[in-house]
Amino acid sequence: MNEEERVIAQESNETVSEAEPIGAGEAAEATSDVAETAEAVTETAEATEAAVAEAAEAVTETAEATEAAEDTAAPAEDTAANAETSAPAAPTETMADYDDAITASMKPIHEGDILKGTVIGISDEELTVDLGIYTDGVVRLEDASDDPSFSFRDFEVGQEISATVIRRDNAQGRIQLSLKAAAAVLGWERLQQLEKDQSNITVKISEAVKSGVTTYVEGIRGFIPASKLALTYVENLDEYVGREIEVRVITAEPENKRLVLSARDILREKEQEERKQRISNVEIGLVTEGTVETIKDYGAFINLGKGMSGLLHISQISQQRIKHPGVVLKEGQKVKVKVIAIKDGKISLSMKALEDAPAQEVEEETYKMPKAEAATTSFASLLKNIKL
């Protein structure tokens, strides 16, 4: 080795010698980094392994739950499928379903038309009506009724009414209606039907007049004669004003605007029904007191009270035979009688059944005619003065 090579080798050794400490530190640091990395990798691997285990366990549990849910849902799905099969499908709405409503809303309105609507607003002065068209209708108080006691407060929201168009567009842009005008047409039709059916209706008496009382039905003034107001004579008609009573239509003549009502027939029917009920409680053999109402050739009618009366036949008045009931009885006389029969709602009475005396026949009253002299004239005396 020459000098130049020896110098170069020496410089290389020095360089290596100087580099060794630095390399050792870096190696140590590198070793530490590797160790830390290895530890981190180990921890990561362990965490990954745990996570994988947990995930596997969760998947297993999910699979089991899904299987159980499928087992539970299967009958429900079958039931739902059956329900869907049996239940009809809900109809699908189309514009055709609204054709009637649209057509009605676009229908031209004319004065004099009678429209149906629903009450949506009530005040003391007017009634607001939903007509199902482009605008609402309104009924003013003066167009509602001639009845002095009429009030819009008797109506209810949601109530359906019929009214006549009297103005297509008032100042508020609404259709002006009249209940009175509609009653002049529809009211009379209903009243005529009520007369035909003989249906009972309840009315409120408005006013007492000379020979009866007045009321309003369907906005139309009706008359109840005093003779048709009660079963007996009514002395004070004013007592009926404001009272509600049941009546029937007996005359409905729209051409003459004549409406006549009656309460008497209804009262009579009720009285007869009550009488039948009371008679059903009467027992044969009952002894009671009554008043002679009327006397006839065949007997007398006895008022037993509570709307009941019975017939006392002439043969049941006395043990003795009499020519006429008036021989023994007088109207208004109080008598004691016994119920001997009840048939078809009729009561048969007897006074004779209460007598203990044996039957005795009374000689009939006779009228003696005065003897006329002519009655004693002989046939010979009649021929005596005849000249042949």
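Just so we're clear, the structure is a prediction, and the values are computed from it rather than from any experiment.

Colleague: Would you mind going over the nonpolar core with me for this structure?
Modeller: Soluble globular proteins tend to bury their nonpolar side chains together. Membership of the largest hydrophobic core comes to 22 residues, with the highest contact counts inside it found for L191, I224, L229, I245, V247, V249 and L259. Secondary structure elements with two or more residues in this core: α3 (179-197), β6 (201-209), β7 (212-217), β8 (220-225), β9 (244-253) and β10 (258-262). Non-local contacts of I224, meaning those with residues more than four positions away in its chain, are made with I205, G212, V213, T215, L229, I245, V247 and L261. Counting 18 residues, the second largest nonpolar core, distinct from the first, contains A300, L304, L329 and M351.

Colleague: I'm lost on the pairing of β7 in this one. Help?
Modeller: Here is the key point about a regular strand: its side chains alternate between the two faces of the sheet. Counting buried positions along β7 gives five out of six residues, so the element sits mostly inside the fold. Note that β6 and β7 share four bridges and pair antiparallel. Bridged to V209 within β7 is G212. Two strands pair when backbone bridges link them, and β7 and β8 are joined in this way by six bridges, in the antiparallel orientation. Considered in β8, the bridge of T214 is made with F223. Following β7, the chain reverses through two residues before pairing antiparallel with β8; E218 in that reversal takes a positive phi of roughly 55°.

Colleague: Even after reading the chapter, I still don't get the layout of surface pockets, so can you show me in this structure?
Modeller: Over the atoms rolls a probe the size of a water molecule, and in doing so it shows where empty space is left. Volume-wise, the largest pocket comes out at about 890 Å³. Every residue lining the largest pocket is counted, 28 residues in all, and those nearest its centre are F150, F155, V217, E218 and G219. With six residues, the single largest contributor to the lining of the largest pocket is α3. Split into classes, the residues belonging to the lining of the largest pocket amount to twelve nonpolar, ten polar and six charged.

Colleague: Would you mind showing me how to read the packing of aromatic side chains here?
Modeller: Working definition: an aromatic ring pair is given by the centre-to-centre distance plus the angle between the planes. A complete count under the given rule lists four aromatic pairs for this structure. Seen in terms of ring centroids, F152 and F155 are 6.2 Å apart; in terms of plane orientation they differ by 55°. Their pairing is tilted. Classification of F155 as buried rests on a relative accessible area of 15%. One aromatic cluster is present, built from ring pairs that chain together F150, F152 and F155. The aromatic ring of Y240 is capped on one face by R243, whose charged end is 4.2 Å from the ring centroid.

Colleague: Any chance you could explain the sheet that holds strand β12 (residues 299-305) here in plain terms?
Modeller: Two strands in a sheet stick together by hydrogen bonds in their backbones, pointing the same way (parallel) or opposite ways (antiparallel). As summarised here, the arrangement of the five strands in space is β11-β12-β13-β15-β14, forming a closed barrel in which the pairing is mixed. Taking the axes of each pair of neighbouring strands and ignoring which way they run, one obtains an average angle of 50° across the sheet. As judged from the three bridges shared by strand β13 (residues 308-313) and strand β15 (residues 346-350), these two strands associate in the parallel manner. Among the inter-strand pairings, L311 is bridged to a residue of β15, identified as S348. With respect to the sheet, helix α4 (residues 264-280) is in contact with β13, β14 (334-343) and β15, its orientation differing from that of β13 by roughly 65°.

Colleague: How should I be thinking about the confidence of the model for the chain in this particular structure?
Modeller: Atomic detail in the predicted coordinates should be set aside for any region of low pLDDT. Looking at the chain as a whole, its pLDDT mean stands at 77, while 64% of the residues score no less than 70. Contacts of residues 15-28 to residues separated by more than four positions or lying in other chains number zero contacts, the stretch itself having pLDDT below 50. Segment residues 357-388: pLDDT under 50, and eleven contacts once partners within four positions in sequence are set aside and those in other chains are kept.

Colleague: What exactly am I supposed to notice about the pattern of salt bridges here?
Modeller: Close approach of charged atoms allows side chains of opposite charge to pair. Within the structure shown, the criterion is met by ten salt bridges. R140 is paired through a salt bridge with D143; the nearest N and O atoms lie 3.2 Å apart. One salt bridge in this structure joins E269 and R248, with 2.7 Å as the shortest N-O distance. Note that E269 is positioned in helix α4 and R248 in strand β9, a separation of 21 residues in sequence.

Colleague: I'm lost on the side chain of S178 in this one. Help?
Modeller: Inspection of the secondary structure assignment puts S178 in strand β5 (residues 175-178). A polar contact of 3.3 Å, which involves the side chain of S178, links it to the backbone oxygen of D143. A polar atom in the side chain of S178 sits 3.3 Å from the backbone nitrogen of K180. Once residues lying within four places of it in the same chain are set aside, the contact partners of S178 are D143, A163, T164 and I166.

How each quantity is defined
- Residues numbered from 1 in each chain as written.
- Predicted model: local features only at pLDDT ≥ 70, side-chain atom pairs only at ≥ 80, totals over all residues.
- Heavy atoms only, no water.
- Core = buried A, V, L, I, M, F, W, Y, C linked by side-chain atoms within 4.5 Å.
- Buried < 20%, exposed > 50% of the residue type's maximum accessible area, 1.4 Å probe, protein only.
- Helix = DSSP H or I, 4+ residues; strand = E, 2+ residues; numbered from the N terminus.
- Contact = heavy atoms within 4.5 Å.
- Pairing = 2+ DSSP bridges.
- 1 Å grid on protein atoms, 1.4 Å probe; cavity = no way out; pocket = protein on both sides within 12 Å on 5 of 7 lines; lining within 4 Å.
- Points joined across faces, edges and corners; volume = space filled by probe spheres on them.
- Nonpolar A, V, L, I, M, F, W, Y, C, P; charged D, E, K, R; others polar.
- Phe/Tyr/Trp six-rings, centres within 6.5 Å; stacked < 30°, edge-to-face > 60°.
- Lys NZ or Arg CZ within 6 Å of the ring centre and 35° of its normal.
- Axes fitted to C-alpha atoms, helices over the stretch in contact; angles between N-to-C directions.
- pLDDT = per-residue confidence, 0-100.
- Salt bridge = Lys/Arg side-chain N within 4 Å of Asp/Glu carboxyl O.
- Polar contact = N/O pair within 3.5 Å; in protein donor to acceptor, adjacent residues only side chain to side chain.

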